[in-house]
Amino acid sequence: MESKKHQDRQLVTNELIKENQLLNEMIEQQQGMIFKFKEMDGKFIHTFATGKLLDRIGLTKNSLVGYSVQDVLPLAEAVKKAYYYRRAWDGEENVTYEGKLNGVHYLASLRPIVENGQVREVIASCVDISARTESESRFQKIAQRSLSGVVIYNDEGILYANPAAGQMVGEELVGKCVQQFILVELPDFSLQLKRAMQFERNSETLERRLRLADETIIDIKVAISTIYFERKPAILAIFNDDTRRRNAERIFEIAAKELSDVNYVLNESSIVAITDQHGIIQFANAKFCEISQYDQQELLGKSHSILNSDYHPQSFFQEMWGTIAKGQTWRGEIQNQAKDGTYYWVDTTIVPFLNEEGKPYQYISIRRDITERKKVEDALRISEEKLMHMAYHDFLTDLPNRRYFIEKLQEAIQDAMMNDKKIAVIYMDMDHFKYINDTFGHDEGDEVLKEFAHVVRELLPKEAVFARQGGDEFTMFISNVVAEAKVLQLVEEISEALANSIRGHQELSASIGVSFYPKDGLTEDELMKRADQALYMGKESK
């Protein structure tokens, strides 16, 4: 029975180590952050933090752990974050918020960890953000606080030993040989590695005698497994003496619970999928199924093309595949189509996992739904376009206004000056328009102005810029004039068209004046004045 317990414990140990390594790689590649906090003396004190995001937002583990949110953030930000911290500490599940610090945007998901009906602490995941420059792996964090001795070694000696191992033996272990502490002849490293692989498959635990620094001999039970440490094959040994066994078991139970909590937060806050090297979906989490509206059986064995919205060009996906096929992480925003035909946007990180030859053998994608954010961005863009249009166009006729006309005329003059071109500036107003307003009312006057603008616009060449100056005054200019006679002919055609009935008002006509660059002026003011003078000379001659 005791042997069976040892085997079960060894199996749990190995699975924890593997899951921890994969989880760390996912978190680090996604460039995110995990942290925890609890309430102490009325303040929320951070008790744990990891992830490259810390560096990017200007924090470190030492500046965060042990400090309250008010200690590490500006007052205004601290008040906001304390509000969300309080909701999670009071037991609310899945509290999320968006934040920005030092130019870095992030999404945080908070989840309370409850024991015996009370919140013990809160764990938080910041997804789709960058990782710290120097961060310890999740395994090292567990090992550092573990009461069990943890040693990693290869044929060169001991590569890593946690504090508990050094305290148990009574001296520094890194750099020394395992054989000088174990009272049994060990096989060479290659044979020991082979045996460790067999033990891992069979979940075996070894019994050994350990010589301490003070020459004391103790019996230990050691679980060994194979790992890669600093890109070299090594053996991970976790050992305990009988007096510490129960404490060690409790530590691993806590570690398992924490890993489970981290996995839960990741799955609740992110859309996760795993594909093979050909892009065929091997795993899809519940969040993926929820947003895509496909169940797992409909997704497994398919590629992500099932979600193709036809929004992105083929070159977009060619660039994406080119990046991840080279073993590089790809990040971008993708519009997908759900099963019911609706569209949604996801902020996507795709992480390639490489084999020993450096070739991708699978890809893990972590996505965040940003549909609402994209809707807000689109609304803002449309609003900005409308505001820009309103700033440069006349409300009644939808023609460019005086501001737009002057800016474009200045640009045309600069071009004409550099390229020896001619410009024609035409100024016109409506004769007897005041009579229309006084007799028929301003509503009729507005309709006359709109039809006047329509008639003139239909006669102008595409390159002409036609604008309403205000009231019944209109201007236009034509760039790259070849013959002045053609401009004067156009003026005659406009006059004839306006002489015909505008909404049945036979009394309407137009006075028109023309000036030419460069002979009549070199600036927009000079050209406008000369055209205006020509207009009034023509009006007086009527």
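Residues numbered from 1 in each chain as written. Predicted model: local features only at pLDDT ≥ 70, side-chain atom pairs only at ≥ 80, totals over all residues. Heavy atoms only, no water.

Turning our eyes to something else, we now look at the pattern of salt bridges. Tallied over the full model, the rule gives 23 salt bridges. Between Glu-372 and Lys-375 there is a salt bridge, with the nearest N and O atoms lying 3.5 Å from each other. Of this pair, Glu-372 and Lys-375 both sit in helix α13 (residues 371-392), three residues apart, roughly one helical turn. Between Asp-394 and Arg-468 there is a salt bridge; the shortest N-O distance is 3.2 Å. Within this pair, whereas Asp-394 is found in the loop between α13 and α14 (402-419), its partner Arg-468 is found in strand β17 (residues 465-470), the two being separated by 74 residues in sequence. By relative accessible area, Asp-394 is classed as buried at 15%. Overlapping salt bridges, with partners in common, bring together Lys-36, Glu-115, Arg-120 and Glu-121 in one network. (Salt bridge = Lys/Arg side-chain N within 4 Å of Asp/Glu carboxyl O. Helix = DSSP H or I, 4+ residues; strand = E, 2+ residues; numbered from the N terminus. Buried < 20%, exposed > 50% of the residue type's maximum accessible area, 1.4 Å probe, protein only.)

What follows covers the layout of surface pockets. Size it by volume and the second largest pocket reaches roughly 430 Å³. Counting residues per element, the ones that place at least two in the lining of the second largest pocket are β11 (271-276), α12 (314-325), β13 (330-337), β14 (343-354) and β15 (360-369). By residue number, the principal contributor to the lining of the second largest pocket is α12, which donates five residues. (1 Å grid on protein atoms, 1.4 Å probe; cavity = no way out; pocket = protein on both sides within 12 Å on 5 of 7 lines; lining within 4 Å. Points joined across faces, edges and corners; volume = space filled by probe spheres on them.)

Over its 18 residues, helix α16 (residues 442-459) runs 26 Å from end to end, which matches the ideal 26 Å to within 8%, given 1.5 Å per residue. Taken residue by residue, α16 has Glu-444, Gly-445, Val-448, Leu-449, Phe-452, Ala-453, Val-455 and Val-456 as its buried positions. In this structure, the buried side of α16 is in contact with β16 (423-431), α15 (433-440), β17, β18 (473-478), α17 (484-499) and β19 (509-517). (Expected span 1.5 Å × (residues − 1). Contact = heavy atoms within 4.5 Å.)

Per the stated rule, a full pass over the model turns up six cavities of 30 Å³ or more. Of the voids in this model, the second largest cavity is the one considered here, and its volume is about 140 Å³. Lining the second largest cavity we find 14 residues, and of these Met-33, Leu-59, Leu-73, Tyr-85 and Tyr-106 sit closest to its centre. Listed by contribution, the elements that provide at least two residues to the lining of the second largest cavity are β1 (33-40), α4 (69-72), α5 (75-89) and β3 (95-101). Grouping the constituent residues of the lining of the second largest cavity by class yields 12 nonpolar, one polar and one charged. (Nonpolar A, V, L, I, M, F, W, Y, C, P; charged D, E, K, R; others polar.)

Glancing now at the sheet that holds β13. Pairing is antiparallel in the open sheet, where five strands are placed in the order β12-β11-β15-β14-β13. Bordering the open sheet on either side are β12 (281-284) and β13, each of which pairs with just one other strand. The mean angle between the axes of side-by-side strands here comes to 25°, regardless of whether they run parallel or antiparallel. Across the sheet, α12 touches β13, β14 and β15, and the angle it forms with β13 is around 140°. Packed on one face of the sheet, α13 meets β13, β14 and β15 and runs near 125° to β14. (Pairing = 2+ DSSP bridges. Axes fitted to C-alpha atoms, helices over the stretch in contact; angles between N-to-C directions.)

So, on to the sheet that holds β16. Strand order in the open sheet formed by four strands is β17-β18-β16-β19, and the pairing between neighbours is antiparallel. Where the open sheet ends on each side, the last strands, each with one partner, are β17 and β19. The mean angle between the axes of side-by-side strands here comes to 20°, regardless of whether they run parallel or antiparallel. Taken together, the six bridges between β16 and β18 define a ladder with antiparallel strand orientation. Counted as the bridge partner of Ile-426 is Met-476 from β18. Here α16 sits on the sheet and contacts β16, β17, β18 and β19; the angle it forms with β16, its principal contact strand, is near 150°.

Throughout the structure, instances matching the rule amount to 16 aromatic pairs. Aromatic side chains Phe-35 and Tyr-85 sit 6.3 Å apart centroid to centroid with 35° between the ring planes, which places their arrangement in the tilted category. In this pair, Phe-35 is assigned in strand β1 and Tyr-85 in helix α5, connecting sequence segments 50 residues apart. Each member of the pair, Phe-35 together with Tyr-85, is buried. On the basis of an interplanar angle of 70° and a centroid distance of 5.1 Å, the ring pair of Tyr-83 and Tyr-84 is categorised as edge-to-face. The exposure class of Tyr-83 is partly exposed, given its relative accessible area of 48%. By relative accessible area, Tyr-84 is classed as partly exposed at 23%. Taken together, Phe-35, Phe-37, Phe-44 and Tyr-85 form an aromatic cluster joined through their ring pairs. One Lys or Arg, Lys-36, reaches over the ring of Phe-48 and ends 5.3 Å from the middle of that ring. (Phe/Tyr/Trp six-rings, centres within 6.5 Å; stacked < 30°, edge-to-face > 60°. Lys NZ or Arg CZ within 6 Å of the ring centre and 35° of its normal.)

Counting 31 residues, the largest nonpolar core has Met-428, Val-456 and Ile-494 as its most contacted members. Counting only elements with at least two residues in this core, the list comes to β16, α15, α16, β18, α17 and β19. Per element, the largest residue contribution to this core is six residues, and it comes from α16. If we skip the residues at most four places from it in the chain, Met-428 touches Phe-452, Val-456, Asp-472, Glu-473, Phe-474, Met-476, Ile-494, Ser-511, Ile-512 and Leu-535. Residues Phe-37, Leu-54, Ala-124 and Cys-126 belong to the second largest nonpolar core, which totals 28 residues. (Core = buried A, V, L, I, M, F, W, Y, C linked by side-chain atoms within 4.5 Å.)

Along the chain, the position of Asp-472 falls in the loop between β17 and β18. Non-local contacts of Asp-472, meaning those with residues more than four positions away in its chain, are made with Met-428, Asp-429, Met-430, Phe-433 and Leu-449.

What follows deals with the packing of α16 against α17. Across the interface, α16 lies against α17 with an axial gap of 10 Å and an inter-helix angle of 145°. Two packed elements cross with a definite hand, and for α16 against α17 that hand is right-handed. Along the contact surface, α16 presents Phe-452, Val-455, Val-456 and Leu-459, while α17 presents Leu-490, Glu-493, Ile-494, Ala-497 and Leu-498. Of the residues belonging to the contact of α16 with α17, the class tally is eight nonpolar, no polar and one charged. (Left-handed = near helix turned anticlockwise from the far one by under 90°.)

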